[in-house]
2 protein chains.
Amino acid sequence: MTVREQALRAREASRTLGSAIRSAKDAGLQSMADALLKAETVILEANAADVRRAEDAGTGAALIDRLRLTPDRIAGMADGLRALADLPDPVGDVVRGWTNPNGVQVRQVRVPFGVVGIIYEARPNVTADAAGICLKSGNAVLLRGSSSAADSNAAIVTALRAGLAEAELPEDSVQLIPGPREVTGELMAARGLVDVLIPRGGAGLIETVVTQSQVPVIETGTGNCHLYVDRSADHDQAIRIMINAKAQRPSVCNALETLLVHADVADSFVPKALQALAEAGVTVHGDDRFASYGDQVVPVTETDYAEEFLSLDLAAAVVDSLDDALAHIRRYSSGHSETIVTDSQAAANRFVAEVDAAAVLVNASSRFVDGGEFGFGAEIGISTQKLHARGPMGLPEMTSTKYVVTGAGQVRG
Amino acid sequence: MTVREQALRAREASRTLGSAIRSAKDAGLQSMADALLKAETVILEANAADVRRAEDAGTGAALIDRLRLTPDRIAGMADGLRALADLPDPVGDVVRGWTNPNGVQVRQVRVPFGVVGIIYEARPNVTADAAGICLKSGNAVLLRGSSSAADSNAAIVTALRAGLAEAELPEDSVQLIPGPREVTGELMAARGLVDVLIPRGGAGLIETVVTQSQVPVIETGTGNCHLYVDRSADHDQAIRIMINAKAQRPSVCNALETLLVHADVADSFVPKALQALAEAGVTVHGDDRFASYGDQVVPVTETDYAEEFLSLDLAAAVVDSLDDALAHIRRYSSGHSETIVTDSQAAANRFVAEVDAAAVLVNASSRFVDGGEFGFGAEIGISTQKLHARGPMGLPEMTSTKYVVTGAGQVRG
């Protein structure tokens, strides 16, 4: 089947999903969870084949760990689907409404997009997560996973579709797009059939989709996040936030990548920071002024400033002012999450107003910028673009709206 | 100056605009209005040159009328800018906010996009309208007008920039992009410098921008709008709505293009409809069943169904059921505004739920789908896409949001 044919089937399924009531969708999610658990053996066998292929290809241990499924991880996917069933349904929400002077009533109501395409890498649990979020928000989904997880994804999608059929929802609500690399191009060209594409993965994947897709894209992910320690910062607070943002989970997009310290407090703050970073196992890539505080600091490069480490590495520099910190952030930020630690109301206000990012934090860890931490219950990703959704995307962000205009024969004068 | 250089200047200006308070922006709008009136003679001379060129090129009277400026039209532009000053400022609005269990406060706040590009055809008044809407919403704007209005647009932008300077706002908040056709390509490639592109014009222009742009696009405009007269419709209401939607202003995107009549009421409704349409000067392009009611009906073609007339022409067909009407609309609709006239609650509910469009109307004219009629005060266009904004776009739709997260040293556990 071509991508076009799959997209047409998805459109057809989306018509049913679009007017499905919440209880029908929730029953579908429960049924998909049951089906995943029932298919555990088949899914684990398929996953073992993927893992074997990856090992034969010499894939690194970290990637293999992300690829590998266990009974626990399958149970986790099922739990995720059941948790979605407990969340409110965004579809049908009246965003706003009013009555015009002539008595015409206008309501803006949330409706599903229709067909969503997800292009993602490695981790097969994304298959179930994304399918669940799309179903709950009334969207049919086309899943384009990585070839390294092809067998796992196929087994998971077969189970999810069986669950949908069991709940009398269209199986084509969830489809995997198999095939070679070119197929991704066909998906990106399916304007009019696919309503939105969401790439989830590394910077390279996202750049490709963003520049090549004719289908509208929601850009997620890359987080080159900064922490600016202002001259009025509480040092204990700054160190606690720095260590949490850098070391609690270095591989994620809301982790800290660059530390900027105001020159006035460098003498007192940087030695303490270096000690805490060393204890947390962090390698510091510092500018000359930063390096003057410790032998363990390696020289920072332009690339260190410009890209995410996603590891226990941290770029660091001493800046002469808030203005210099703002200029550095303006130059290198990917617009994800930027933090200031300060006791100055004026400095906090300027930072919040002038930093152009999905999230700006004052005296809190950037690790809080997350759908779960925000209480969204589910998250499809963190948008770093300005259109449609910016920051953590929950269920409402997976919908569009429609104006419903009701009258009694009114016409325009 | 290259497009890239202009975009960099716009970015710089957008930093000032982004934190400009409402009273500063409103003063800028008043000052721009004053400057337009002061430059009346210069603008009219420039416009006369454009009109002469268009006449020499054999341009049709309708287009020349759209191109032509008069003292009244210039006063209209100035009034439009002053009206914007009276509207609330969307920037700074708190969309939602909450406090997490750990005391971390989260607020989602409206912020400007940054730099907006507008690509538009013919009418020079769009230059002032778009500049005003962008300024009020805190965005710098790059205006790419049509070459036929080059002199008019240049004179208008010169005046607007003088007004900005007078109000001590950055002149580069409003820039015209001159030059040959290729320049539009440079604008569409300026991803990262331009935050959003909005094409305003015919279907061809919009298709080009939507398929070629690497900058995110908000699609506006084409409206292939249908009116379905259900079997339970009040005939007087249906005729009033039909004539208003078709004939009040046929050249606009929310005008009616195709009439569908339920077979059960065709005998009683169609003859009355044909009489009313004839009185309004409308040419009816009907299918065989529709044509059987009157000699004046010309045969409808596939193109008549598929494209906007934007004139006193109307495609028309008799359908056997609500299902057939929905299928016709699904096939040909551009997703702008679709109307049902019915007294049946069930039919209205199905129509509202199943029609996939920016606006769905029950017993009211599609001419109401308009920022002015919706009470938005200003409108940059009517979005027919599902991402970010759908339907009439006012000032809030010209903004993005930012999460502001405030703590007292909290870290993630």
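Everything that follows concerns the structure shown earlier in this document.
Below: a short report on this structure. These numbers come from a predicted model, not from an experiment.

Focus: the relation of the copies chain B and chain A
- Here chain B sits on chain A after a turn of 180° about the axis and a move of 0.0 Å along it, with an RMSD of 0.0 Å. The transformation just described matches what one would write down for a two-fold rotation axis. Scanning chain B for the C-alpha nearest the rotation axis identifies His388(B), at a separation of 1.7 Å.
- Take the interface residues of chain B: 100% of them recur as interface residues in chain A, which is what a same-surface contact looks like.

So, the sheet that holds strand β11 (residues 313-319) of chain B
- Here 10 strands make up an open sheet; going across it, the order is β1(A)-β2(A)-β16(A)-β13(B)-β12(B)-β7(B)-β8(B)-β11(B)-β9(B)-β10(B) and the pairing mixed. Sheet topology places β1 (94-99) of chain A together with β10 (298-299) of chain B at the edges, where each strand pairs with a single neighbour.
- With 5 bridges connecting them, strand β16 (residues 399-410) of chain A and strand β13 (residues 359-364) of chain B associate as parallel partners. Residue Tyr403(A) lies in a different strand from β13(B), and its bridge partner there is Ala359(B).
- Relative to the sheet, helix α10 (residues 235-247) of chain B contacts β16 of chain A together with β7 (225-229), β8 (256-262), β11, β12 (337-341) and β13 of chain B, its axis offset from that of β16(A) by approximately 120°.
- Along the sheet face, helix α11 (residues 263-279) of chain B touches β7, β8, β9 (283-286) and β11 of chain B and points at about 145° away from the line of β8(B).

Details of the sheet that holds strand β5 (residues 174-176) of chain B
Residues and elements named next belong to chain B.
- One open sheet holds the 4 strands; their spatial order is β5-β4-β3-β6, and the pairing between them is parallel. Sheet topology places β5 and β6 (196-200) at the edges, where each strand pairs with a single neighbour. Taken pair by pair, the neighbouring strands of this sheet meet at an average axis angle of 20°, ignoring direction.
- Of the pairings in the sheet, the one linking strand β4 (residues 140-144) to β5 comprises 3 bridges and is parallel in character. Paired with Leu-142 across the bridge in β5 is Gln-175.
- Relative to β4, helix α1 (residues 3-18) is tilted by about 145°, and along the sheet it contacts β3 (115-120), β4 and β5.

Description of unusual backbone geometry
All names here are of chain B.
- A positive phi angle, close to 55°, is found at Leu-310, a residue other than glycine.
- Residue position: Leu-310 is located in the loop between α13 (302-306) and β11.
- Here Leu-310 falls in the partly exposed class, since its relative accessible area comes to 36%.
- Notably, His-388 is not glycine yet its phi reads approximately 70°, a positive angle.
- Its place among the elements puts His-388 in the loop between β14 (381-383) and β15 (391-393).
- For His-388, a relative accessible area of 21% gives the class partly exposed.

What counts, and where the lines are drawn
- Each chain carries its own residue numbering, running from 1 in the written order of its sequence.
- As they are written, the chains are lettered A onward and the ligands numbered 1 onward, keeping that order.
- Residues qualify for local features only when their pLDDT is at least 70, as the model is predicted, and side-chain atom pairs are given and counted only at 80 or more; totals for whole chains, interfaces and linings, by contrast, use all residues.
- Side-chain measures here rest on the full set of heavy atoms in the structure, leaving out hydrogens and waters.
- The least-squares superposition of copies is restricted to C-alpha atoms, and to residues with a pLDDT of at least 70 in both copies.
- Here a residue-residue contact requires only that any non-hydrogen atoms of the pair lie within 4.5 Å.
- At least two bridges found by DSSP between two strands are what make those strands a pair.
- The way it works is that DSSP assigns letters per residue, a run of H or I at least four long becomes a helix, a run of E at least two long becomes a strand, and they are numbered from the N terminus.
- Fitted lines through C-alpha atoms serve as axes, helices being fitted only where they are in contact, and the angles separating the N-to-C directions of these axes extend from 0 to 180 degrees.
- Burial here depends on accessible area, computed with a 1.4 Å probe over protein chains only, as a share of the maximum for the residue type. Under 20% is buried, over 50% is exposed, and the range in between is partly exposed.

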